[in-house]
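Per-entry structural report
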Amino acid sequence: MSSSTVPECAFPVFTTVSSYREWRRKAFDEKQTVGFVATMGALHEGHLALVKRSLAANDHTVVSIFVNPAQFAPHEDLATYPSTLPRDLELLSTISLQVKTSENEGALIRTPSAVFLPTISEMYPTGISQNVTEQKGTFVEVKGYGHQMEGKTRPTFFRGVATVVMKLFNAIEPTRSYFGQKDIQQALLLRRMARDMLMAHPSPDKIHIVPTVRDTTSSLALSSRNAYLTSRERQIAAPALHAALQAAKSAWQNGMSKQHCISDAQAVINTVTEKVMSDRNEDSTDVRLDYIEMNDPDSFDILPEDTTRVLWDSDRARDRAVVLSGAMWVGKTRLIDNIILGDTRQLGIME
Ligand SMILES: Nc1ncnc2c1ncn2[C@@H]1O[C@H](COP(=O)(O)OP(=O)(O)OP(=O)(O)O)[C@@H](O)[C@H]1O
Ligand SMILES: CC(C)(CO)[C@@H](O)C(=O)[O-]
Ligand code: BAL
């Protein structure tokens, strides 16, 4: 993207690493903190929640918008991924937060300081293929943590995410960074990457996880890909994933085994699938569960089938956390969601 094609807005939009670095150097010199929110654009209230958390805690907030080819498999939706750049920049121009600081009693208004909007060649100087076997250059893999949950269906996804986020961290050099709980495996894996690579910008303890923002009536997790849903899919089928996870959660809290919890969740999806199939007057939608699973948040290991809350708790900490997550196809849209069972503070999820 050339700077002449970027719409005018209230903050600088940097399309190159070198132009951003000039701005960043000044923030370093002035000992100002920089909060960072990485996005692929098509912004919604979920993204804005991350931006607000950053505004609350940092002198500056930088948002990146970059649709990363490396995290899309060749058969996935890179070509059709939603893009709403003028609206994104407008949303970021209108967001503000009033903060209290020790020097300034209540009157300080913070707004985003900059957007980083790089081209593909800026981010991948050696070039990039979506086909892993054809790739050349430097990639980041968090070994042992990218094949479970989302990685089972999307085996090259976390390699693409870790690679681009390492590049973004190197370019932006944030003091703190904010990721959404909606992509819980991504956030936990990136914290591990920062720890393993001894990163300072941000340090692993400054990678913050923000609770999932949901549609207030249906509880559907907000997601850029929700734009693919028809209105009937959005109302009838899409909310089933969260409802299924809630059914598993209540079975877990009632002392049931993991196996029982997951079959309760599957029953919720089956009921919705049958309803959608039986509405013969309407356009038919194909609803298909990809997975619902329960994993250890530290190792990402799958919990054994007979695990109950009591067995899990007695093993280590009280109210020990579990990641209960799932993915489901509604027509051509793949939705993901999760609930943390037990104490969410063990995962450092913000309150
Ligand atoms: N509903 C949400 N609540 C909180 N954070 C969210 C929500 N949706 C996305 N995020 C977070 O925003 C950041 C950028 O996400 P991204 O741009 O991929 O949007 P997305 O809505 O997750 O898109 P997609 O539909 O591709 O999954 C990630 O850290 C992601 O977890
Ligand atoms: C973190 C991220 C911006 C990397 O491309 C993406 O995976 C996302 O938006 O969740
Ligand atoms: N928020 C996750 C980005 C992706 O699915 O590619």
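Residues numbered from 1 in each chain as written. Chains lettered and ligands numbered in written order. Predicted model: local features only at pLDDT ≥ 70, side-chain atom pairs only at ≥ 80, totals over all residues. Heavy atoms only, no water.

Quick notes on the sheet that holds strand β9 (residues 287–295)
- Strand order across the open sheet formed by three strands is β9-β10-β11, with antiparallel pairing between neighbours. Both edges of this open sheet fall to β9 and β11 (333–341), since each of them pairs with a single strand only. Each strand of the sheet is rotated relative to its neighbour by a mean of 15°, with strand direction disregarded.
- Sheet topology note: the strand β10 (residues 322–330)/β11 ladder contains nine bridges and is antiparallel. Note that in β11 the partner of V322 across the bridge is L341. (Pairing = 2+ DSSP bridges. Helix = DSSP H or I, 4+ residues; strand = E, 2+ residues; numbered from the N terminus. Axes fitted to C-alpha atoms, helices over the stretch in contact; angles between N-to-C directions.)

Describing the site of ligand 3
- Every residue near ligand 3 is listed here: M40, Q71, R154, F157, D183 and R225.
- Between an oxygen atom of ligand 3 and a side-chain N or O atom of Q71, the distance comes to 2.9 Å.
- R154 is positioned with one of its side-chain polar atoms (N or O) 2.8 Å from an oxygen atom of ligand 3. (Near = heavy atom within 4 Å. Polar contact = N/O pair within 3.5 Å; in protein donor to acceptor, adjacent residues only side chain to side chain.)

Re the domain arrangement of the chain
- Per the domain assignment, the segments of the chain are domain 1 (13–210) and domain 2 (224–346).
- The distance between the C-alpha centroids of domain 1 and domain 2 comes to 27 Å.
- Across the contact, 24 residues belong to domain 1 and 19 residues belong to domain 2.
- Approximately 1,800 Å² of surface area, both sides summed, lies buried where domain 1 meets domain 2, with 53% of it carried by carbon and sulfur atoms.
- Taken as a group, M149, E150 and K182 account for 30% of the area that domain 1 buries against domain 2, more than any other trio of residues on that side.
- Scanning the region where domain 1 abuts domain 2 turns up two salt bridges.
- Put simply, D77 and R225 hold a salt bridge, and the shortest N to O gap is 2.8 Å.
- The tally of links from domain 1 across to domain 2 stands at twelve residue pairs in polar contact (both at pLDDT 80 or more). (Domains from an automatic or database assignment. Contact = heavy atoms within 4.5 Å. Buried area = accessible area lost by both parts, 1.4 Å probe. Salt bridge = Lys/Arg side-chain N within 4 Å of Asp/Glu carboxyl O.)

Quick word on the sheet that holds strand β3 (residues 60–65)
- Across the sheet, six strands lie side by side as β1-β6-β3-β2-β7-β8; this open sheet has parallel pairing. Edge positions in the sheet fall to β1 (13–14) and β8 (207–210), since each of these pairs with one other strand and no more.
- Across three bridges, β3 lies against strand β6 (residues 114–116) in parallel orientation. Bridge assignment links V63 to a residue of β6, and that residue is V115.

Details of the side chain of R334
- Summarising the element assignment, R334 is placed in strand β11.
- Looking at R334, its side chain comes within polar contact range of the side chain of E150, at 2.8 Å.
- Engagement of the side chain of R334 in a polar contact is seen with the side chain of D290, the distance being 3.0 Å.

Observations regarding the site of ligand 1
- Among the 20 residues in the neighbourhood of ligand 1, the closest are listed as Y81, K182, D183, S223 and S224.
- The backbone of G180 places a nitrogen or oxygen atom 3.0 Å from an oxygen atom of ligand 1.
- Within the side chain of S223, one N or O atom sits 2.5 Å away from an oxygen atom of ligand 1.
- Bound to the protein, ligand 1 loses 95% of the 590 Å² it would expose on its own.
- Those elements that place two or more of their residues in the shell around ligand 1 are β2 (34–39), α2 (45–57) and β7 (176–180).
- For the shell around ligand 1, the leading source of residues is α2, giving three residues.
- Looking at the shell around ligand 1, its residues break down into eight nonpolar, nine polar and three charged. (Areas by Shrake-Rupley, 256 points an atom, 1.4 Å probe, with all protein chains shown as cover. Nonpolar A, V, L, I, M, F, W, Y, C, P; charged D, E, K, R; others polar.)

A look at the nonpolar core
- Ranked by internal contacts, the top residues of the largest apolar core, which has 49 residues, are F116 and M193.
- Secondary structure elements with two or more residues in this core: α1 (17–29), β2, β6, α6 (157–172), α7 (184–196), β8, β10 and β11.
- With eleven residues, α6 is the single largest residue contributor to this core.
- Sequence-distant contacts of F116, that is, excluding residues within four places in its chain, are made with F14, T16, V17, Y20, V63, S64, I65, M123, L168, A171 and I172.
- Counting 29 residues, the second largest nonpolar core, distinct from the first, contains A237, C261, V276 and I339. (Core = buried A, V, L, I, M, F, W, Y, C linked by side-chain atoms within 4.5 Å. Buried < 20%, exposed > 50% of the residue type's maximum accessible area, 1.4 Å probe, protein only.)

Re the environment of R25
- Along the chain, R25 turns up in helix α1.
- Along the chain, R25 and E173 lie 148 residues apart, while their C-alpha atoms are 9.9 Å from each other.

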